[in-house]
Amino acid sequence: MGKMKEIYEMVQDSTADLFIDAYKHAKTNDALGFTYNYKFYDIIKAKAMVDLIKQAQKDYDNQLIDQLEDYYEYQADIKRGK
């Protein structure tokens, strides 16, 4: 559960792309792992985290879109006097 919390925090504060870049850099250099945010990640576990990050980013974006739609519908209803 701790990794999922860490992943969602990275998605929310927009640092997930930095983690993905660090992973890609380590993979390009054939490293066994890398340090990100003062923690060491081995390349295999980081790959799994990158997959989860990409899915979490999609889910987070969809959630934001839904919230914005609801907000703008509410604002339109207010302007129409409903």
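It should be emphasised that the depicted structure is a prediction, and the values quoted were computed from it without experimental measurement. (Residues numbered from 1 in each chain as written. Predicted model: local features only at pLDDT ≥ 70, side-chain atom pairs only at ≥ 80, totals over all residues. Heavy atoms only, no water.)

### A closer look at the packing of aromatic side chains
As a reminder of what qualifies: When the centres of two rings from Phe, Tyr and Trp lie within 6.5 Å, Trp using its six-membered ring, the rings pair. Their planes under 30 degrees apart give stacked, over 60 give edge-to-face, and anything left gives tilted. Every helix listed is a DSSP run of H or I at least four residues long, and every strand listed is a run of E at least two residues long, numbered separately from the N terminus. Throughout, exposure labels follow a simple rule: accessible area from a 1.4 Å probe, protein chains only, divided by the maximum for the residue type, with under 20% read as buried, over 50% as exposed, and the rest as partly exposed.
A full pass over the atoms with the stated rule returns four aromatic pairs. Their ring planes at 85° and their centres at 5.3 Å tell us that Phe19 and Tyr36 sit as a pair that is edge-to-face. Residue Phe19 is located in helix 2 (residues 16-28), and its partner Tyr36 is located in strand 1 (residues 33-36); the two are separated by 17 residues in the primary sequence. For the pair Phe19 and Tyr36, one class covers both residues: buried.

### Observations regarding helix 3 (residues 43-80)
Worth spelling out the cut-off: Here the expected span of a helix is defined as 1.5 Å times the quantity of residues minus one.
With 38 residues, helix 3 should reach 56 Å at 1.5 Å per residue; the first-to-last C-alpha distance of 55 Å fits that figure. Within helix 3 the residues assigned to the buried category are Ile43, Ala46, Met49, Val50, Ile53 and Ala56. The positive-phi residue at the C-terminal boundary of helix 3 is Gly81, with phi of around 85°.

### A closer look at the nonpolar core
Our working rule: Joining through side-chain atoms within 4.5 Å is the link that ties buried Ala, Val, Leu, Ile, Met, Phe, Trp, Tyr and Cys residues into a set, and such a set is a nonpolar core. For this analysis, residues touch if any pair of their heavy atoms sits within 4.5 Å.
Within the largest apolar cluster, 18 residues are counted, with the highest numbers of intra-cluster contacts made by Met10, Phe19, Phe34, Tyr41 and Ile53. For this core, the secondary structure elements donating two or more residues are helix 1 (2-12), helix 2, strand 1 and helix 3. For Phe34, the contacting residues outside a window of four places in its chain are Phe19, Ala22, Tyr23, Ala26, Lys39, Phe40, Tyr41, Ile43 and Ala46.

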